[in-house]
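Architecture at a glance
Given next are the chains, with one letter for each unit.
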Amino acid sequence: MATLAHVAAGLVIGRVHAQAATGASRLASFVVFTGVAVLPDLDIVLSDSRVGGGSVLAHRGISHSLGMAIAVGTVVWLLLRRFASRWPPLRTALAAGIAMASNGLLDIFSAGGEGVTLLWPLVDARLQSVWRPIPDAPVESLLTTVRGIRCLLLESAGCLPAFAWALSRRAPMARSSHVALQVIRDSWGTKER
Ligand SMILES: [Zn+2]
């Protein structure tokens with residue numbers, strides 16, 4: 001499991017979502033979207049105990065699909081529009097959907113483990129890139145074996161630029177998301193706070 005890569009993706013998405021916010025508001029964005037980026041891997045509990053490895057409910061199954069990411073983004077958008085929230089519905093829904101999708105997209109490039117049913121429900125096939133540079137250490141051996149520690153160090157080095165960008169005081173390009181969302185809002189004719 002590419003643990004740190006998922007955390008790095010969540011932090012980057014959280015930083016883009018937070019835009020100019022600082023302090024507790026930025027921290028909340030980091031926590032929420034890092035959580036959403038890691039959320040699909042809860043399916044490992046199911047695959048270990050209740051379903052076979054070939055099932056779409058197994059690890060890297062439907063929870064890792066783009067269909068699930070779209071569904072989560074849509075639910076978040078509907079909920080935030082229905083209930084008053086300090087977070088803008090469209091920006092937050094896009095961030096949630098992208099965070100959810102990031103897990104499966106990164107796992108495709110993970111050196112170990114099974115493929116990802118990325119295109120579910122259109123296609124059940126498990127996809128995997130021929131180029132898989134992200135090291136994949138079994139979670140239980142991350143800090144207890146030489147291989148686990150080596151994988152963790154390699155993944156840390158690869159994720160360092162993302163961590164540095166997300167946690168920097170003034171992240172370059174963070175405001176560019178505001179411009180992109182403005183274009184989407186204008187084209188949809190929606191009002192975003
Ligand atoms: Zn995963």
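Criteria and thresholds
- Residues numbered from 1 in each chain as written.
- Predicted model: local features only at pLDDT ≥ 70, side-chain atom pairs only at ≥ 80, totals over all residues.
- Helix = DSSP H or I, 4+ residues; strand = E, 2+ residues; numbered from the N terminus.
- Expected span 1.5 Å × (residues − 1).
- Bend = angle between axes of the 7 residues up to and from the residue.
- Buried ≥ 20, exposed ≤ 12 C-beta atoms within 10 Å, placed from the backbone.
- Contact = placed C-beta atoms within 7 Å.
- Axes fitted to C-alpha atoms, helices over the stretch in contact; angles between N-to-C directions.
- Parallel < 35°, antiparallel > 145°, perpendicular 65-115°, else oblique.
- Left-handed = near helix turned anticlockwise from the far one by under 90°.
- Nonpolar A, V, L, I, M, F, W, Y, C, P; charged D, E, K, R; others polar.
- pLDDT = per-residue confidence, 0-100.
- Arc of directions from axis to C-beta.

**Here's the deal with helix 5 (residues 89-107)**
Note: α-helices contain 3.6 residues per turn, so residues at a spacing of three or four share the same orientation. Between the first and last C-alpha of helix 5 there are 28 Å, a value that for 19 residues agrees with the 27 Å anticipated at 1.5 Å per step. Residue Ala101 marks the point of greatest curvature in helix 5, where the axis turns by about 25°. Buried residues dominate helix 5, accounting for 17 of its 19 residues.

**Overview of the environment of Gly61**
Residue placement: Gly61 occurs in the loop between helix 3 (43-49) and helix 4 (66-82). Counting along the chain gives 20 residues from Gly61 to Asp41, while the straight-line C-alpha distance between them is 9.6 Å. Apart from the residues within four sequence positions on either side, Gly61 is in contact with Asp43, Ser55, Val56 and Thr117.

**What about the packing of helix 2 (residues 23-38) against helix 5?**
Taken N-terminus to C-terminus, the directions of helix 2 and helix 5 make an angle of 40°; their axes are 7 Å apart at the nearest point. In terms of their interaxial angle, helix 2 and helix 5 are classed as oblique. Of the two possible hands of crossing, helix 2 and helix 5 adopt the one that is right-handed. On helix 5, the residues touching Phe33, Val36 and Ala37 of helix 2 are Ala95, Ala96, Ala99, Met100, Ser102 and Asn103.

**Here's the deal with the packing of helix 1 (residues 3-18) against helix 5**
Angle between the axes and distance between the axes: these two values describe a pair of packed helices. Closest axis-to-axis distance for the helix 1/helix 5 pair is 10 Å, and the angle between their directions is 160°. Comparing the axis directions of helix 1 and helix 5 gives the class roughly antiparallel. Remark: the crossing between helix 1 and helix 5 carries right-handed chirality. Across the interface between the two elements, Ala5, His6, Ala9, Gly10, Ile13, Val16 and His17 of helix 1 pack against Arg91, Thr92, Ala95, Ile98, Ala99, Ser102, Asn103 and Leu106 of helix 5. Here the contact of helix 1 with helix 5 is composed, by residue class, of eight nonpolar, six polar and one charged.

**Some thoughts on the confidence of the model for the chain**
Mean pLDDT for the chain: 86, with 82% of residues reaching 70 or above. Ranking the elements of the chain by mean pLDDT puts helix 7 (residues 176-188) last with 69 and helix 4 first with 97.

**Considering the environment of Ala28**
Topologically, Ala28 is positioned in helix 2. Of the residues examined, Ala28 has 16 C-beta atoms within 10 Å and is grouped as partly exposed. Linking Ala28 and Gly14, residues 14 residues apart in sequence, is a C-alpha distance of 8.4 Å.

**So, unusual backbone geometry**
Omega for the bond connecting Trp120 with Pro121 falls within 30 degrees of zero, at 10°, which places this linkage in the cis form. One can find Pro121 in the loop between helix 5 and helix 6 (146-167). Here Gln19, not a glycine, exhibits a phi torsion of approximately 50°, which is positive. Within the secondary structure, Gln19 is located in the loop between helix 1 and helix 2. Judged by the 18 C-beta atoms lying within 10 Å of it, Gln19 is partly exposed. Positive phi, close to 65°, is recorded for Arg60, a residue that is not glycine. Locating Arg60 in the fold gives a position in the loop between helix 3 and helix 4.

**Side note on helix 4**
For helix 4, with 17 residues, the first-to-last C-alpha span of 24 Å sits near the 24 Å given by 1.5 Å per residue. Residues of helix 4 that are buried include every one of Met68, Ala69, Val72, Gly73 and Val76, and no others. Looking down the long axis of helix 4, one finds its buried residues gathered within 135° of arc, a one-sided arrangement. Opposite the buried face of helix 4, by more than 90 degrees, sit the exposed residues Leu78 and Arg82.

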